[in-house]
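# Descriptive analysis of the structure
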Amino acid sequence: MTALQTILLLVCSNIFMTFAWYGHLKLQEMNLISDWPLLGVILFSWALALPEYSLQVPANRIGFSENGGPFTLVQLKVIQEVITLVVFLAFSMLFFRNQTFHWNHLLSFLCLVLAVFFAFLK
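Criteria and cut-off values
- Residue indices begin from 1 for each chain and proceed along its sequence in written order.
- Per-residue local features are limited, in this predicted model, to residues with pLDDT of at least 70; the limit for side-chain atom pairs, both in listing and counting, is 80 or more; totals at the level of whole chains, interfaces and linings are taken over all residues.
- With hydrogens and water excluded, all non-hydrogen atoms of the structure serve as input to the side-chain values.
- Comment: axis = line fitted to C-alpha atoms, over the contacting stretch for helices; angle = value between 0 and 180 degrees taken between N-to-C directions.
- Numbering of helices and strands runs from the N terminus; a helix is a DSSP stretch of H or I covering at least four residues, while a strand is a stretch of E covering at least two.
- Any angle that falls under 35 degrees is termed roughly parallel, while one over 145 is termed roughly antiparallel, one within 65 to 115 roughly perpendicular, and all others oblique.
- For any pair of crossing helices, the crossing counts as left-handed if the nearer helix is rotated counterclockwise from the farther one by less than a right angle, and right-handed if it is rotated clockwise.
- Throughout, a contact is declared for two residues whenever any of their heavy atoms are within 4.5 Å.
- Polar here means any residue other than Ala, Val, Leu, Ile, Met, Phe, Trp, Tyr, Cys and Pro, which are nonpolar, and Asp, Glu, Lys and Arg, which are charged; Gly is therefore polar.
- Here the nonpolar core consists of buried residues drawn from Ala, Val, Leu, Ile, Met, Phe, Trp, Tyr and Cys, with membership extended through side-chain atoms lying within 4.5 Å.
- Type-normalised accessible area, obtained with a 1.4 Å probe on protein chains alone, sets the label of each residue: buried when under 20%, exposed when over 50%, and partly exposed for intermediate values.
- For a helix, the expected span equals 1.5 Å multiplied by the residue count minus one.

Looking now at the packing of helix α3 (residues 73-95) against helix α4 (residues 103-120). In contact at an axis separation of 9 Å, α3 and α4 are set at 155 degrees when each is read in the N-to-C sense. In terms of their interaxial angle, α3 and α4 are classed as roughly antiparallel. α4 is crossed by α3, and the crossing has left-handed handedness. Contacts between α3 and α4 involve Q75, V78, I79, V82, L85 and L89 on the former and, on the latter, F109, L112, V113, A115, V116, A119 and F120. Each residue belonging to the contact of α3 with α4 can be placed in one class, and the counts come to twelve nonpolar, one polar and no charged.

Right, dumping it as structure tokens:
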């Protein structure tokens, strides 16, 4: 599998993951699930997370260098974390516009990008 295919699987899986982890907060804000019991919210989030796992596990297995993929284990993890934050940033800017981002948030994202650089440094 190519690096691009692995990254696309990771991006798609992280979209589902972000909705599973934070989507219920927006649905609650919109009064769509505000009267649901916690167990109902957990099961709803779990159902959203199933496609995430269905994409994440193949991305890791196929993208891992010891399985013929292009990335080491550390590289996969670092890429995964950066993708997670980029997807989260887009999600929060679209659905939680009352949340503001400050210079320290930008700096923390920059540090993660630097982590990718150092993870790939030979």
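That covers the picture; the talk isn't over yet.
Formed by L9, L10, A59, F64, F71, L76, I79, I83 and V87, the largest nonpolar core amounts to nine residues. Looking at this core, the elements that each hand over two or more residues are α1 (3-29) and α3. In terms of residue count, the dominant contributor to this core is α3 (four residues).

The next point concerns α3. Between its first and last C-alpha, α3 extends 32 Å over 23 residues, near the 33 Å set by a 1.5 Å rise per residue. What α3 keeps buried is the set Q75, L76, V78, I79, Q80, V82, I83, T84, V87, F91 and S92. Each element contacted by the buried residues of α3 is listed here: α1, α2 (38-63) and α4.

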